[in-house]
Amino acid sequence: MRHLPYFCRGEVVKGFGRGSKELGIPTANFSEQVVESFPSDISTGIYYGWACVGNGDVHKMVLSIGWNPFYKNIKKSVETHIIHTFKEDFYGEILSIVIIGYIRPEKNFDSLEALISAIQEDIEEANRQLDLPEHLKLKDDNFFHLPEGKIVNSH
Ligand SMILES: Cc1cc2nc3c(=O)[nH]c(=O)nc-3n(C[C@H](O)[C@H](O)[C@H](O)COP(=O)(O)O)c2cc1C
Ligand SMILES: Nc1ncnc2c1ncn2[C@@H]1O[C@H](COP(=O)(O)OP(=O)(O)O)[C@@H](O)[C@H]1O
Ligand SMILES: [Mg+2]
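Quantities reported herein were computed from a predicted structural model and do not represent experimental measurements.

Caption draft 1: Layout of the packing of aromatic side chains. Tallying each qualifying case throughout the model produces six aromatic pairs. Here the aromatic cluster, defined as three or more aromatic residues joined through ring pairs, consists of F7, F143 and F144. Across the ring face of F16, the terminal group of R18 is positioned such that the distance to the ring centre comes to 4.3 Å.

In structure tokens, the structure reads:
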């Protein structure tokens, strides 16, 4: 797919607070400035890749780009669910991600349960894909070890 792999880093800001409370799946939302820096023709939808908070470890992630049709958001968001259990929130920290592959388009669902199961399947798919040698190698990319801000939103 065009633009992939896509490297990006930026601040984690507040969203609507639904990820953890309603879905049980927290998503670290990027600031509006970062969302606007994405290529305007990047497909909305669900992706997988690698992520790291500050200078922390690199973990698997799933990412949602778009308007969350289930919630009919007015502003586009870019949200990362890191497949790892964190001890605490990390609002205001710098999140670095590399987006590697596309899973599916964003969809509307008849129920919250249906949205949650779709996201759980996305997580399983990401887990499978990211274990492949060609995807594992990006986990060790220099991008994750450079001082913050050296490379910003390039690919
Ligand atoms: C892997 C993944 C898949 C998602 N798929 C959809 C989707 O198909 N439709 C949708 O409306 N929202 C989808 N979402 C977005 C959630 O609705 C959103 O993360 C949630 O509303 C939390 O938003 P908040 O960060 O503003 O609290 C997905 C999120 C993730 C992490
Ligand atoms: N595994 C995780 N993946 C993403 N964010 C996490 C994770 N664990 C804790 N968090 C925290 O939860 C916040 C996201 O929760 P969420 O309910 O989506 O709130 P918001 O609507 O403010 O984005 C993140 O900004 C981060 O601080
Ligand atoms: Mg969120």
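Let's pick the thread back up.
Caption draft 2: Main features of the side chain of S31. Here S31 shows up in the loop between β2 (28–30) and α2 (32–37). The buried category is assigned to S31, whose relative accessible area is 14%. Apart from the residues lying within four places of it in its own chain, the contact partners of S31 are E11 and V13.

Caption draft 3: Spatial organisation of the side chain of H59. For H59, the location among the structural elements is in strand β4 (residues 58–66). Here H59 falls in the buried class, since its relative accessible area comes to 14%. Excluding residues within four positions of it along the chain, H59 makes contact with G49, W50, A51, I82, I83, H84 and F86.

Caption draft 4: Highlighting the coordination of the magnesium ion (ligand 3). For the magnesium ion (ligand 3), the full set of protein donor atoms is T27 (O), T27 (OG1) and N29 (OD1), at a range of 2.1 to 2.2 Å. Taken together, the six donor atoms coordinating the magnesium ion (ligand 3) span angles of 79 to 169° at the metal, a pattern that classifies the geometry as octahedral. N29 sits in the buried class, given a relative accessible area of 12%.

Caption draft 5: Up close: the environment of V53. Following the sequence through the fold, V53 ends up in strand β3 (residues 45–53). Note on V53: relative accessible area 13%, which makes it buried. Expressed as a C-alpha distance, the spacing of V53 and L95, which sit 42 residues apart in the sequence, is 4.6 Å.

Caption draft 6: Examining the layout of surface pockets more closely. Of the pockets and cavities examined, the largest pocket occupies roughly 920 Å³. G19, I25, P26, T27 and E79 are, among the 43 residues lining the largest pocket, the residues nearest its centre. Every element with two or more residues in the lining of the largest pocket is listed here: β1 (6–13), α1 (18–23), β2, β4, β5 (77–82) and α3 (112–130). The greatest single-element share of the lining of the largest pocket, amounting to five residues, is contributed by α1. Looking at the lining of the largest pocket, its residues break down into 20 nonpolar, 13 polar and 10 charged. A volume near 240 Å³ is recorded for the second largest pocket. Together, 15 residues line the second largest pocket, and N29, F30, K75, K76 and S77 are the ones closest to its centre.

Caption draft 7: The arrangement of the pairing of β4 in detail. The element β4 is extensively covered by neighbouring structure, given that nine of its nine residues are classed as buried. Taken together, the eight bridges between β3 and β4 define a ladder with antiparallel strand orientation. When the bridges of β4 are listed, Y47 appears paired with L63. Between β3 and β4, which pair antiparallel one after the other, the connecting turn spans four residues, and G54 there sits at a positive phi close to 55°. Alignment of β4 against β5, held across six bridges, turns out to be antiparallel. Its bridge partner lying in β5, M61 is registered against I82.

Calculation rules
- Residues numbered from 1 in each chain as written.
- Chains lettered and ligands numbered in written order.
- Predicted model: local features only at pLDDT ≥ 70, side-chain atom pairs only at ≥ 80, totals over all residues.
- Heavy atoms only, no water.
- Phe/Tyr/Trp six-rings, centres within 6.5 Å; stacked < 30°, edge-to-face > 60°.
- Lys NZ or Arg CZ within 6 Å of the ring centre and 35° of its normal.
- Helix = DSSP H or I, 4+ residues; strand = E, 2+ residues; numbered from the N terminus.
- Buried < 20%, exposed > 50% of the residue type's maximum accessible area, 1.4 Å probe, protein only.
- Contact = heavy atoms within 4.5 Å.
- Donors = N, O, S within 2.8 Å, 3.2 Å for Na, K, Ca; no water.
- Tetrahedral: all angles 85-135°; square planar, octahedral: opposite > 155°, others 65-115°.
- 1 Å grid on protein atoms, 1.4 Å probe; cavity = no way out; pocket = protein on both sides within 12 Å on 5 of 7 lines; lining within 4 Å.
- Points joined across faces, edges and corners; volume = space filled by probe spheres on them.
- Nonpolar A, V, L, I, M, F, W, Y, C, P; charged D, E, K, R; others polar.
- Pairing = 2+ DSSP bridges.

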